[in-house]
Amino acid sequence: SLADRLQSVFKKIRGHGRLDEKSVQEGLREVRLALLEADVNFKVVKDFVDRVRDRAMGQDVLGSLTPGQQVVKIVHDEMVELLGGEHLGLQLQGKTPAIIMLVGLQGSGKTTTAAKLALHLRRMKRSPYLVPADVYRPAAIDQLHTLAGQLGVPAFASTPEMKPVDICMQAREEAVRKGLDVLLVDTAGRLHIDELLMEELVAIKAAAGPQEILFVADAMTGQDAVNVAVKFDELLDLTGIVLTKMEGDARGGAALSIKSVTGKPIKFVGMGEKVSDLEVFHPDRVASRILGMGDILSLIEKAQGSIDQAEAEELQKKMQKAEFNLDDFRTQMRRLRKLGSLEGMLKLIPGMGDLRKQMGEMKMPEKEMSRMEAIINSMTPAERKSPKLMNASRKMRVAKGSGVKVQDVNVLLRNFEQMQKMMKKVMTAGPGALKAPTSP
Ligand code: GDP
Ligand code: MG
(Lines give C-alpha, C1' and ligand atoms only; values in the text may rest on other atoms or scores of the structure.)
(Ligands and ions follow the chains in the order given, each with its own letter.)
Protein backbone atom coordinates (compact mmCIF):
# COMPACT_ATOMS: atom_id res chain seq x y z
CA SER A 1 0.00 0.00 0.00
CA LEU A 2 0.97 3.65 -0.23
CA ALA A 3 1.43 3.76 3.54
CA ASP A 4 3.79 0.76 3.47
CA ARG A 5 5.87 2.20 0.66
CA LEU A 6 6.17 5.61 2.23
CA GLN A 7 7.03 4.12 5.57
CA SER A 8 9.92 2.17 4.13
CA VAL A 9 11.16 5.35 2.46
CA PHE A 10 10.90 7.20 5.74
CA LYS A 11 12.67 4.43 7.58
CA LYS A 12 15.62 4.85 5.26
CA ILE A 13 15.56 8.64 5.54
CA ARG A 14 15.32 8.49 9.31
CA GLY A 15 18.29 6.20 9.45
CA HIS A 16 20.52 9.01 8.27
CA GLY A 17 22.03 10.94 11.14
CA ARG A 18 22.77 13.77 8.76
CA LEU A 19 20.74 14.39 5.70
CA ASP A 20 22.62 15.12 2.52
CA GLU A 21 21.21 16.15 -0.80
CA LYS A 22 21.72 12.73 -2.28
CA SER A 23 19.74 10.85 0.33
CA VAL A 24 16.90 13.37 0.12
CA GLN A 25 16.81 13.03 -3.65
CA GLU A 26 16.74 9.25 -3.43
CA GLY A 27 14.00 9.32 -0.83
CA LEU A 28 11.91 11.73 -2.88
CA ARG A 29 12.26 9.61 -5.99
CA GLU A 30 10.67 6.77 -4.08
CA VAL A 31 7.96 9.02 -2.66
CA ARG A 32 7.20 10.09 -6.24
CA LEU A 33 6.90 6.50 -7.47
CA ALA A 34 4.73 5.52 -4.52
CA LEU A 35 2.34 8.40 -5.18
CA LEU A 36 2.11 7.62 -8.90
CA GLU A 37 1.39 3.99 -8.12
CA ALA A 38 -1.35 5.14 -5.77
CA ASP A 39 -3.00 6.72 -8.82
CA VAL A 40 -2.33 10.29 -7.77
CA ASN A 41 -2.53 12.80 -10.63
CA PHE A 42 0.85 13.19 -12.39
CA LYS A 43 1.00 16.97 -12.15
CA VAL A 44 -0.05 16.91 -8.51
CA VAL A 45 2.78 14.47 -7.78
CA LYS A 46 5.35 16.61 -9.54
CA ASP A 47 4.37 19.81 -7.75
CA PHE A 48 4.23 17.98 -4.46
CA VAL A 49 7.71 16.49 -4.76
CA ASP A 50 9.13 19.83 -5.91
CA ARG A 51 7.72 21.63 -2.89
CA VAL A 52 8.99 19.01 -0.46
CA ARG A 53 12.44 19.13 -2.05
CA ASP A 54 12.60 22.93 -1.86
CA ARG A 55 11.64 22.95 1.77
CA ALA A 56 13.84 20.03 2.77
CA MET A 57 16.88 21.63 1.18
CA GLY A 58 16.30 25.17 2.30
CA GLN A 59 15.47 24.70 5.93
CA ASP A 60 17.40 24.90 9.16
CA VAL A 61 17.12 21.81 11.24
CA LEU A 62 14.72 22.26 14.14
CA GLY A 63 16.49 21.64 17.42
CA SER A 64 14.41 18.79 18.65
CA LEU A 65 13.91 16.92 15.38
CA THR A 66 16.47 14.84 13.60
CA PRO A 67 16.93 15.71 9.91
CA GLY A 68 15.08 12.53 9.00
CA GLN A 69 12.13 13.44 11.18
CA GLN A 70 12.22 16.85 9.63
CA VAL A 71 11.71 15.44 6.14
CA VAL A 72 8.86 13.30 7.39
CA LYS A 73 7.33 16.40 8.89
CA ILE A 74 7.69 18.33 5.65
CA VAL A 75 6.09 15.52 3.64
CA HIS A 76 3.27 15.42 6.17
CA ASP A 77 2.78 19.21 6.17
CA GLU A 78 2.71 19.35 2.37
CA MET A 79 0.28 16.46 2.29
CA VAL A 80 -2.03 18.32 4.65
CA GLU A 81 -1.88 21.30 2.29
CA LEU A 82 -2.60 19.05 -0.66
CA LEU A 83 -5.65 17.71 1.13
CA GLY A 84 -6.95 21.21 1.73
CA GLY A 85 -5.20 22.55 4.83
CA GLU A 86 -7.85 23.52 7.31
CA HIS A 87 -11.06 21.54 7.64
CA LEU A 88 -14.02 23.35 6.10
CA GLY A 89 -17.50 22.50 7.36
CA LEU A 90 -20.87 22.95 5.68
CA GLN A 91 -21.67 26.58 4.88
CA LEU A 92 -25.39 26.90 5.43
CA GLN A 93 -25.74 30.62 6.07
CA GLY A 94 -28.32 32.59 4.14
CA LYS A 95 -31.86 31.61 3.26
CA THR A 96 -33.79 29.15 5.41
CA PRO A 97 -34.31 26.36 4.70
CA ALA A 98 -30.75 25.87 3.56
CA ILE A 99 -30.33 23.55 0.59
CA ILE A 100 -27.64 20.94 0.04
CA MET A 101 -27.58 19.31 -3.38
CA LEU A 102 -25.82 15.99 -3.82
CA VAL A 103 -24.52 15.27 -7.32
CA GLY A 104 -22.36 12.61 -8.91
CA LEU A 105 -22.30 9.48 -11.04
CA GLN A 106 -24.59 6.56 -10.40
CA GLY A 107 -23.38 4.32 -7.61
CA SER A 108 -21.04 6.92 -6.20
CA GLY A 109 -22.99 6.98 -2.96
CA LYS A 110 -25.29 10.03 -3.20
CA THR A 111 -28.38 8.45 -1.66
CA THR A 112 -26.41 6.84 1.15
CA THR A 113 -24.55 10.09 1.77
CA ALA A 114 -27.82 12.05 1.90
CA ALA A 115 -28.96 9.82 4.77
CA LYS A 116 -25.55 10.04 6.47
CA LEU A 117 -25.65 13.83 6.25
CA ALA A 118 -29.17 13.87 7.70
CA LEU A 119 -27.82 12.08 10.75
CA HIS A 120 -24.83 14.44 10.90
CA LEU A 121 -27.08 17.50 10.68
CA ARG A 122 -29.42 16.23 13.34
CA ARG A 123 -26.44 15.80 15.65
CA MET A 124 -25.70 19.46 14.94
CA LYS A 125 -29.21 20.26 16.17
CA ARG A 126 -30.52 21.02 12.70
CA SER A 127 -33.77 19.66 11.26
CA PRO A 128 -32.97 17.93 7.97
CA TYR A 129 -35.46 17.07 5.24
CA LEU A 130 -34.56 14.33 2.77
CA VAL A 131 -35.66 15.11 -0.77
CA PRO A 132 -35.55 12.32 -3.38
CA ALA A 133 -35.08 13.98 -6.78
CA ASP A 134 -33.92 10.91 -8.71
CA VAL A 135 -37.13 10.19 -10.60
CA TYR A 136 -35.66 7.90 -13.25
CA ARG A 137 -35.39 4.89 -11.02
CA PRO A 138 -38.44 4.46 -8.78
CA ALA A 139 -36.28 2.29 -6.54
CA ALA A 140 -34.12 5.35 -5.79
CA ILE A 141 -37.06 7.15 -4.17
CA ASP A 142 -37.88 4.06 -2.12
CA GLN A 143 -34.26 3.69 -1.11
CA LEU A 144 -34.15 7.18 0.38
CA HIS A 145 -37.53 6.75 2.07
CA THR A 146 -36.34 3.52 3.65
CA LEU A 147 -33.21 5.21 4.99
CA ALA A 148 -35.27 8.15 6.22
CA GLY A 149 -37.57 5.73 8.04
CA GLN A 150 -34.60 4.06 9.74
CA LEU A 151 -33.30 7.40 10.91
CA GLY A 152 -36.64 8.88 11.81
CA VAL A 153 -35.90 11.82 9.53
CA PRO A 154 -38.76 13.21 7.41
CA ALA A 155 -38.58 12.74 3.65
CA PHE A 156 -40.51 14.47 0.89
CA ALA A 157 -43.08 12.30 -0.90
CA SER A 158 -41.68 12.55 -4.42
CA THR A 159 -43.28 10.50 -7.18
CA PRO A 160 -41.64 9.37 -10.44
CA GLU A 161 -44.07 11.56 -12.41
CA MET A 162 -42.79 14.79 -10.91
CA LYS A 163 -40.06 16.95 -12.43
CA PRO A 164 -36.95 17.26 -10.23
CA VAL A 165 -37.15 21.06 -10.22
CA ASP A 166 -40.79 20.90 -9.06
CA ILE A 167 -39.86 18.40 -6.39
CA CYS A 168 -37.32 20.85 -4.98
CA MET A 169 -39.71 23.79 -5.03
CA GLN A 170 -42.53 21.88 -3.39
CA ALA A 171 -40.20 20.29 -0.86
CA ARG A 172 -38.97 23.73 0.13
CA GLU A 173 -42.52 24.94 0.80
CA GLU A 174 -43.26 21.79 2.72
CA ALA A 175 -40.10 22.25 4.81
CA VAL A 176 -41.16 25.77 5.77
CA ARG A 177 -44.56 24.43 6.85
CA LYS A 178 -42.94 21.67 8.88
CA GLY A 179 -40.29 23.91 10.43
CA LEU A 180 -37.40 21.96 8.84
CA ASP A 181 -34.28 23.96 8.11
CA VAL A 182 -32.00 21.95 5.79
CA LEU A 183 -33.02 20.25 2.55
CA LEU A 184 -30.86 17.37 1.38
CA VAL A 185 -31.56 16.93 -2.31
CA ASP A 186 -30.60 13.51 -3.67
CA THR A 187 -30.25 13.83 -7.44
CA ALA A 188 -30.05 11.26 -10.22
CA GLY A 189 -26.75 10.00 -11.56
CA ARG A 190 -25.74 8.25 -14.75
CA LEU A 191 -22.96 5.83 -15.44
CA HIS A 192 -21.19 8.51 -17.44
CA ILE A 193 -21.46 12.23 -17.81
CA ASP A 194 -24.62 12.92 -19.72
CA GLU A 195 -25.72 16.21 -21.30
CA LEU A 196 -29.38 15.88 -20.39
CA LEU A 197 -28.67 15.04 -16.81
CA MET A 198 -26.28 17.96 -16.53
CA GLU A 199 -28.93 20.30 -17.88
CA GLU A 200 -31.32 19.03 -15.27
CA LEU A 201 -28.81 19.59 -12.47
CA VAL A 202 -28.10 23.11 -13.72
CA ALA A 203 -31.86 23.78 -13.74
CA ILE A 204 -32.24 22.52 -10.17
CA LYS A 205 -29.36 24.72 -9.10
CA ALA A 206 -30.88 27.78 -10.77
CA ALA A 207 -34.30 27.21 -9.24
CA ALA A 208 -33.28 26.14 -5.75
CA GLY A 209 -30.16 28.28 -5.20
CA PRO A 210 -28.44 25.73 -2.95
CA GLN A 211 -25.86 26.83 -0.38
CA GLU A 212 -23.91 23.63 -0.95
CA ILE A 213 -23.44 21.55 -4.09
CA LEU A 214 -21.50 18.52 -2.97
CA PHE A 215 -19.94 16.21 -5.53
CA VAL A 216 -20.11 12.65 -4.27
CA ALA A 217 -17.26 10.54 -5.59
CA ASP A 218 -16.31 6.91 -5.14
CA ALA A 219 -12.72 7.10 -3.85
CA MET A 220 -11.95 3.64 -5.19
CA THR A 221 -12.26 4.90 -8.76
CA GLY A 222 -9.12 6.98 -8.28
CA GLN A 223 -8.28 9.43 -11.05
CA ASP A 224 -11.59 8.77 -12.83
CA ALA A 225 -13.33 10.34 -9.87
CA VAL A 226 -11.07 13.38 -10.19
CA ASN A 227 -11.75 13.78 -13.94
CA VAL A 228 -15.51 13.54 -13.46
CA ALA A 229 -15.33 16.06 -10.61
CA VAL A 230 -13.68 18.54 -12.95
CA LYS A 231 -16.54 18.20 -15.45
CA PHE A 232 -19.22 18.60 -12.80
CA ASP A 233 -17.40 21.59 -11.38
CA GLU A 234 -17.26 23.33 -14.77
CA LEU A 235 -21.02 23.17 -15.06
CA LEU A 236 -22.17 23.50 -11.48
CA ASP A 237 -19.40 25.32 -9.62
CA LEU A 238 -19.27 22.80 -6.78
CA THR A 239 -18.84 23.92 -3.18
CA GLY A 240 -17.31 20.73 -1.88
CA ILE A 241 -16.61 17.05 -2.27
CA VAL A 242 -17.63 13.91 -0.41
CA LEU A 243 -15.35 10.92 -0.98
CA THR A 244 -17.14 7.66 -0.34
CA LYS A 245 -15.79 4.14 0.13
CA MET A 246 -12.65 5.62 1.61
CA GLU A 247 -12.32 2.67 3.95
CA GLY A 248 -11.47 0.56 0.91
CA ASP A 249 -9.06 2.96 -0.74
CA ALA A 250 -5.71 2.26 0.84
CA ARG A 251 -4.02 4.06 -2.04
CA GLY A 252 -5.51 7.42 -1.26
CA GLY A 253 -5.09 8.57 -4.86
CA ALA A 254 -8.41 10.40 -5.26
CA ALA A 255 -8.13 12.08 -1.89
CA LEU A 256 -4.67 13.38 -2.73
CA SER A 257 -5.54 14.70 -6.17
CA ILE A 258 -9.09 15.96 -6.06
CA LYS A 259 -8.63 19.11 -3.99
CA SER A 260 -5.67 20.46 -5.90
CA VAL A 261 -7.13 19.56 -9.31
CA THR A 262 -10.61 21.01 -8.69
CA GLY A 263 -9.72 23.59 -6.06
CA LYS A 264 -12.76 22.42 -4.11
CA PRO A 265 -12.45 21.15 -0.53
CA ILE A 266 -13.22 17.62 0.59
CA LYS A 267 -15.81 18.07 3.34
CA PHE A 268 -16.72 14.53 4.33
CA VAL A 269 -15.60 10.97 3.77
CA GLY A 270 -17.77 7.87 3.70
CA MET A 271 -16.16 5.01 5.59
CA GLY A 272 -18.75 2.26 5.13
CA GLU A 273 -22.30 1.43 4.14
CA LYS A 274 -23.94 2.21 7.46
CA VAL A 275 -25.58 5.61 8.02
CA SER A 276 -23.18 6.29 10.86
CA ASP A 277 -20.13 5.68 8.64
CA LEU A 278 -19.52 9.31 7.76
CA GLU A 279 -16.53 11.28 8.95
CA VAL A 280 -15.92 14.97 8.84
CA PHE A 281 -12.82 15.39 6.68
CA HIS A 282 -9.74 16.56 8.56
CA PRO A 283 -6.75 16.96 6.22
CA ASP A 284 -4.19 16.44 8.99
CA ARG A 285 -5.75 13.22 10.22
CA VAL A 286 -6.11 11.81 6.74
CA ALA A 287 -2.53 12.73 5.87
CA SER A 288 -1.36 10.81 8.92
CA ARG A 289 -3.53 7.89 7.94
CA ILE A 290 -2.22 7.87 4.38
CA LEU A 291 1.33 8.10 5.63
CA GLY A 292 0.52 5.27 8.03
CA MET A 293 2.14 7.25 10.78
CA GLY A 294 -0.37 7.13 13.57
CA ASP A 295 -0.57 10.64 14.85
CA ILE A 296 3.16 10.89 14.84
CA LEU A 297 3.29 14.58 14.01
CA SER A 298 1.01 15.59 16.81
CA LEU A 299 3.30 13.62 19.06
CA ILE A 300 6.35 15.44 17.79
CA GLU A 301 4.58 18.76 18.27
CA LYS A 302 3.46 17.85 21.74
CA ALA A 303 6.93 16.77 22.67
CA GLN A 304 8.39 19.96 21.26
CA GLY A 305 5.99 21.99 23.35
CA SER A 306 6.47 20.16 26.59
CA ILE A 307 10.11 19.17 26.65
CA ASP A 308 12.40 22.05 27.03
CA GLN A 309 15.69 21.18 25.43
CA ALA A 310 17.88 22.82 28.06
CA GLU A 311 15.95 21.17 30.84
CA ALA A 312 16.35 17.82 29.15
CA GLU A 313 20.10 18.29 28.91
CA GLU A 314 20.29 19.27 32.55
CA LEU A 315 18.42 16.14 33.49
CA GLN A 316 20.65 14.06 31.33
CA LYS A 317 23.73 15.32 33.14
CA LYS A 318 22.13 14.53 36.47
CA MET A 319 21.34 11.05 35.32
CA GLN A 320 24.85 10.50 34.15
CA LYS A 321 26.14 11.56 37.52
CA ALA A 322 23.49 9.41 39.21
CA GLU A 323 22.09 12.52 40.92
CA PHE A 324 18.58 11.85 39.70
CA ASN A 325 16.31 12.28 42.72
CA LEU A 326 12.64 12.32 43.59
CA ASP A 327 12.32 15.97 42.57
CA ASP A 328 13.44 15.01 39.10
CA PHE A 329 11.22 11.97 39.20
CA ARG A 330 8.25 14.24 39.90
CA THR A 331 9.25 16.56 37.04
CA GLN A 332 9.37 13.58 34.70
CA MET A 333 5.99 12.42 35.83
CA ARG A 334 4.48 15.83 35.26
CA ARG A 335 5.98 15.86 31.82
CA LEU A 336 4.49 12.49 31.06
CA ARG A 337 1.12 13.76 32.15
CA LYS A 338 1.45 16.72 29.86
CA LEU A 339 1.98 14.28 27.02
CA GLY A 340 -1.06 12.37 28.13
CA SER A 341 -0.44 9.04 29.74
CA LEU A 342 2.58 6.99 28.90
CA GLU A 343 0.21 4.59 27.25
CA GLY A 344 -1.42 7.35 25.24
CA MET A 345 1.99 8.51 24.15
CA LEU A 346 3.04 5.07 23.02
CA LYS A 347 -0.22 4.73 21.13
CA LEU A 348 0.80 7.70 19.02
CA ILE A 349 4.04 6.08 17.92
CA PRO A 350 3.67 3.69 14.99
CA GLY A 351 4.93 0.20 15.59
CA MET A 352 4.72 0.65 19.33
CA GLY A 353 1.75 -1.68 19.72
CA ASP A 354 3.93 -4.63 20.73
CA LEU A 355 5.91 -2.61 23.18
CA ARG A 356 2.69 -1.42 24.72
CA LYS A 357 1.64 -5.00 25.32
CA GLN A 358 4.95 -5.78 26.93
CA MET A 359 4.58 -2.73 29.05
CA GLY A 360 1.31 -3.88 30.52
CA GLU A 361 3.06 -4.20 33.88
CA MET A 362 4.66 -0.81 33.80
CA LYS A 363 1.44 0.96 32.92
CA MET A 364 0.99 4.06 35.01
CA PRO A 365 -2.61 5.17 35.04
CA GLU A 366 -3.49 8.77 35.73
CA LYS A 367 -4.74 7.95 39.22
CA GLU A 368 -1.51 6.23 40.07
CA MET A 369 0.53 9.18 38.87
CA SER A 370 -1.53 11.60 40.95
CA ARG A 371 -0.98 9.48 44.03
CA MET A 372 2.75 9.30 43.46
CA GLU A 373 2.93 13.02 43.00
CA ALA A 374 0.99 13.59 46.20
CA ILE A 375 3.41 11.39 48.11
CA ILE A 376 6.43 13.24 46.76
CA ASN A 377 4.77 16.56 47.55
CA SER A 378 4.50 15.52 51.19
CA MET A 379 8.22 14.91 51.49
CA THR A 380 10.71 17.50 52.59
CA PRO A 381 13.19 18.76 49.98
CA ALA A 382 15.93 16.89 51.83
CA GLU A 383 13.98 13.64 51.59
CA ARG A 384 13.36 14.14 47.90
CA LYS A 385 17.05 14.65 47.30
CA SER A 386 18.07 11.63 49.35
CA PRO A 387 15.29 9.06 49.46
CA LYS A 388 17.55 6.91 51.63
CA LEU A 389 16.57 9.19 54.56
CA MET A 390 13.10 7.68 54.52
CA ASN A 391 12.89 5.69 57.74
CA ALA A 392 9.74 4.27 59.32
CA SER A 393 8.64 7.44 61.10
CA ARG A 394 9.26 9.63 58.06
CA LYS A 395 7.26 7.21 55.94
CA MET A 396 4.42 7.39 58.43
CA ARG A 397 4.44 11.19 58.34
CA VAL A 398 4.45 11.31 54.54
CA ALA A 399 1.68 8.70 54.31
CA LYS A 400 -0.51 10.77 56.62
CA GLY A 401 0.31 13.98 54.81
CA SER A 402 -0.63 12.60 51.42
CA GLY A 403 -3.57 10.49 52.56
CA VAL A 404 -2.12 7.12 51.57
CA LYS A 405 -0.96 3.99 53.37
CA VAL A 406 2.64 3.46 54.38
CA GLN A 407 2.63 0.59 51.91
CA ASP A 408 2.00 3.06 49.09
CA VAL A 409 4.99 5.11 50.16
CA ASN A 410 7.06 1.94 50.08
CA VAL A 411 5.81 1.09 46.61
CA LEU A 412 6.76 4.52 45.35
CA LEU A 413 10.23 4.33 46.83
CA ARG A 414 10.72 0.89 45.36
CA ASN A 415 9.53 2.06 41.95
CA PHE A 416 11.84 4.99 42.12
CA GLU A 417 14.78 2.77 42.97
CA GLN A 418 13.96 0.55 40.00
CA MET A 419 13.68 3.55 37.78
CA GLN A 420 17.09 4.77 38.92
CA LYS A 421 18.55 1.43 37.98
CA MET A 422 16.82 1.49 34.62
CA MET A 423 18.14 4.96 33.97
CA LYS A 424 21.67 3.89 34.62
CA LYS A 425 21.19 1.24 31.98
CA VAL A 426 19.69 3.73 29.56
CA MET A 427 22.56 6.09 30.16
CA THR A 428 25.15 3.49 29.25
CA ALA A 429 23.24 3.03 25.98
CA GLY A 430 24.17 6.61 25.06
CA PRO A 431 22.92 10.11 25.67
CA GLY A 432 20.41 9.99 22.79
CA ALA A 433 18.35 7.46 24.72
CA LEU A 434 16.64 10.16 26.75
CA LYS A 435 14.97 11.52 23.69
CA ALA A 436 13.94 8.07 22.55
CA PRO A 437 10.23 8.41 23.42
CA THR A 438 9.84 11.22 20.92
CA SER A 439 11.62 9.57 18.01
CA PRO A 440 9.53 7.58 15.57
P1 GDP B 1 -25.97 6.58 -5.67
O2 GDP B 1 -26.32 5.83 -6.90
O3 GDP B 1 -24.95 7.63 -5.94
O4 GDP B 1 -27.16 7.13 -4.96
O5 GDP B 1 -25.26 5.55 -4.70
P6 GDP B 1 -25.85 4.78 -3.44
O7 GDP B 1 -25.98 5.70 -2.28
O8 GDP B 1 -27.04 4.00 -3.83
O9 GDP B 1 -24.62 3.81 -3.12
C10 GDP B 1 -24.16 2.82 -4.02
C11 GDP B 1 -23.56 1.68 -3.20
O12 GDP B 1 -22.41 2.12 -2.54
C13 GDP B 1 -24.48 1.14 -2.15
O14 GDP B 1 -24.36 -0.26 -2.09
C15 GDP B 1 -23.97 1.77 -0.87
O16 GDP B 1 -24.25 0.96 0.25
C17 GDP B 1 -22.51 1.83 -1.15
N18 GDP B 1 -21.83 2.90 -0.42
C19 GDP B 1 -22.09 4.21 -0.35
N20 GDP B 1 -21.20 4.87 0.42
C21 GDP B 1 -20.34 3.95 0.88
C22 GDP B 1 -19.15 3.99 1.69
O23 GDP B 1 -18.69 5.04 2.19
N24 GDP B 1 -18.50 2.82 1.90
C25 GDP B 1 -18.97 1.64 1.35
N26 GDP B 1 -18.29 0.53 1.61
N27 GDP B 1 -20.04 1.57 0.58
C28 GDP B 1 -20.72 2.69 0.33
MG1 MG C 1 -29.15 7.18 -5.55
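For the structure given in this document, a descriptive report is provided here.

Cut-offs applied
- Residue positions are counted from 1 within each chain, in the order its sequence is given.
- Following the order in which they are written, the chains are lettered starting with A and the ligands numbered starting with 1.
- It should be noted that, the model being predicted, local features are given only for residues of pLDDT at least 70 and side-chain atom pairs only at 80 or more, the latter also being counted only at that level, while totals for whole chains, interfaces and linings use all residues.
- Helix and strand definitions here come from DSSP, where helices need a minimum of 4 consecutive H or I residues and strands a minimum of 2 consecutive E residues; each element is numbered from the N-terminal end.
- To sort residues by exposure, count the other C-beta atoms lying within 10 Å of each residue's C-beta; 20 or more gives buried, 12 or fewer gives exposed, and values between give partly exposed, all with C-beta atoms placed from the backbone.
- Two residues qualify as being in contact provided that their C-beta atoms, derived from the backbone, are within 7 Å of each other.
- Any residue whose backbone-placed C-beta atom lies within 6 Å of a molecule or strand is treated as near that molecule or strand.
- Note on terminology: a nonpolar core is any set of buried Ala, Val, Leu, Ile, Met, Phe, Trp, Tyr and Cys residues joined through C-beta atoms within 7 Å.
- Domain start and stop positions are those given by an automatic or database domain assignment.
- Paired strands are those between which DSSP finds at least two bridges.
- Each axis is a line fitted through C-alpha atoms, and for a helix only the stretch in contact is used; angles between axes span 0 to 180 degrees, taken between their N-to-C directions.
- Given the number of residues in a helix, its expected span is that number minus one, multiplied by 1.5 Å.
- If an angle is under 35 degrees, it is roughly parallel; if it is over 145, roughly antiparallel; if it lies from 65 to 115, roughly perpendicular; otherwise it is oblique.
- Note on convention: the crossing is left-handed when the near helix lies turned anticlockwise from the far helix by less than a right angle, right-handed when the turn is clockwise.
- Any residue outside Ala, Val, Leu, Ile, Met, Phe, Trp, Tyr, Cys, Pro, Asp, Glu, Lys and Arg is labelled polar, Gly included; the first ten of those are nonpolar and the last four are charged.

The next point concerns the overall build of the protein. Scanning the protein from terminus to terminus reveals 20 helices and 7 strands. Counting every position in the protein, which comprises 440 residues, the buried fraction comes to 37%. Long-range pairs, those at least 24 residues apart, make up 76% of the contacts in the protein between residues at least 6 apart in sequence.

Next up on the list: the site of ligand 1. Lining the immediate surroundings of ligand 1 are 19 residues, of which Gly 109, Lys 110, Thr 111, Thr 112 and Gly 270 lie closest. The element best represented in the shell around ligand 1 is helix H5 (residues 110-123), accounting for 3 residues.

What follows deals with the nonpolar core. With 87 residues, the main nonpolar core has Ile 100, Leu 130, Val 131 and Leu 184 as its most contacted residues. Looking at this core, you find at least three residues from each of domain 1 (2-82) and domain 2 (98-291). When residues no more than four places from it in sequence are discounted, the contact partners of Leu 184 are Ile 100, Leu 102, Ala 114, Leu 117, Ala 118, Pro 128, Tyr 129, Leu 130 and Val 131. Counting residues in hydrophobic clusters, the runner-up holds 9 residues, among them Leu 326, Ile 375, Ile 376 and Val 398.

What follows deals with the sheet that holds strand E7 (residues 278-280). If you walk across this open sheet you meet the 7 strands as E2-E3-E1-E4-E5-E6-E7, and the pairing is mixed. In this open sheet, the two strands that pair with only one neighbour each are strand E2 (128-133) and E7. This sheet shows a mean twist of 25° between the axes of neighbouring strands, independent of strand direction. Both E2 and strand E3 (residues 182-187) contribute to a ladder of 6 bridges, which runs parallel. Within the sheet, the bridge partner assigned to Pro 128 lies in E3 and is Val 182. Packing against the sheet, helix H8 (residues 195-208) makes contact with strand E1 (98-103), E2, E3 and strand E4 (212-218), and its axis sits at approximately 175° to E1.

Here the focus is the environment of Met 246. Topologically, Met 246 is positioned in the loop between strand E5 (240-244) and helix H10 (253-262). The sequence separation of Met 246 and Gly 272 amounts to 26 residues, and the corresponding C-alpha distance is 7.8 Å. In this view, Met 246 contacts Ala 219, Val 269, Gly 270 and Met 271; residues no more than four positions away in its chain are not counted.

Before going further, it helps to spend a moment on H5. Helical geometry: 3.6 residues make up each α-helical turn, so side chains three or four residues apart lie on a common side. Taking 1.5 Å of rise per residue, the 14 residues of H5 would be expected to cover 20 Å, and the 20 Å separating its terminal C-alpha atoms lies within 8% of that figure. Taking burial as the measure, the 14 residues of H5 include 11 buried ones, the bulk of the element. Considered for burial, the residues of H5 that qualify are Lys 110, Thr 111, Thr 112, Thr 113, Ala 114, Ala 115, Lys 116, Leu 117, Ala 118, Leu 119 and Leu 121. Count one or two residues on from H5 and you reach Lys 125, which has phi positive near 65°.

Turning next to the pairing of E1. Along any regular strand, the residues point their side chains to alternate faces of the sheet. With 6 of 6 residues buried, E1 is to be regarded as a mostly interior element. Both faces of E1 are covered, namely the face carrying Ala 98, Ile 100 and Leu 102 and the face carrying Ile 99, Met 101 and Val 103. Taken together, the 5 bridges between E1 and E3 define a ladder with parallel strand orientation. Among the inter-strand pairings, Ile 100 is bridged to a residue of E3, identified as Leu 184. Of the strand pairs in this sheet, E1 and E4 are connected by 4 bridges, and their pairing is parallel. Across the sheet, Met 101 pairs through a bridge with Ile 213, a residue of E4.

Where helix H9 (residues 223-236) meets H10, the closest approach of the two axes is 9 Å, and the angle between their N-to-C directions is 25°. The pairing of H9 with H10 is recorded here as roughly parallel in orientation. At the point where H9 passes H10, the crossing takes the right-handed sense. Along the contact surface, H9 presents Gln 223, Ala 225, Val 226, Ala 229, Val 230 and Asp 233, while H10 presents Gly 253, Ala 254, Ser 257, Ile 258, Val 261 and Thr 262. Across the contact of H9 with H10, the residue classes tally to 7 nonpolar, 4 polar and 1 charged.

A cis geometry characterises the amide bond from Thr 96 onward to Pro 97, with omega recorded as -5°. Along the chain, Pro 97 falls in the loop between helix H4 (67-82) and E1. Residue Lys 245 is not a glycine yet carries a positive backbone phi of 60°. You can see Lys 245 is positioned in the loop between E5 and H10.

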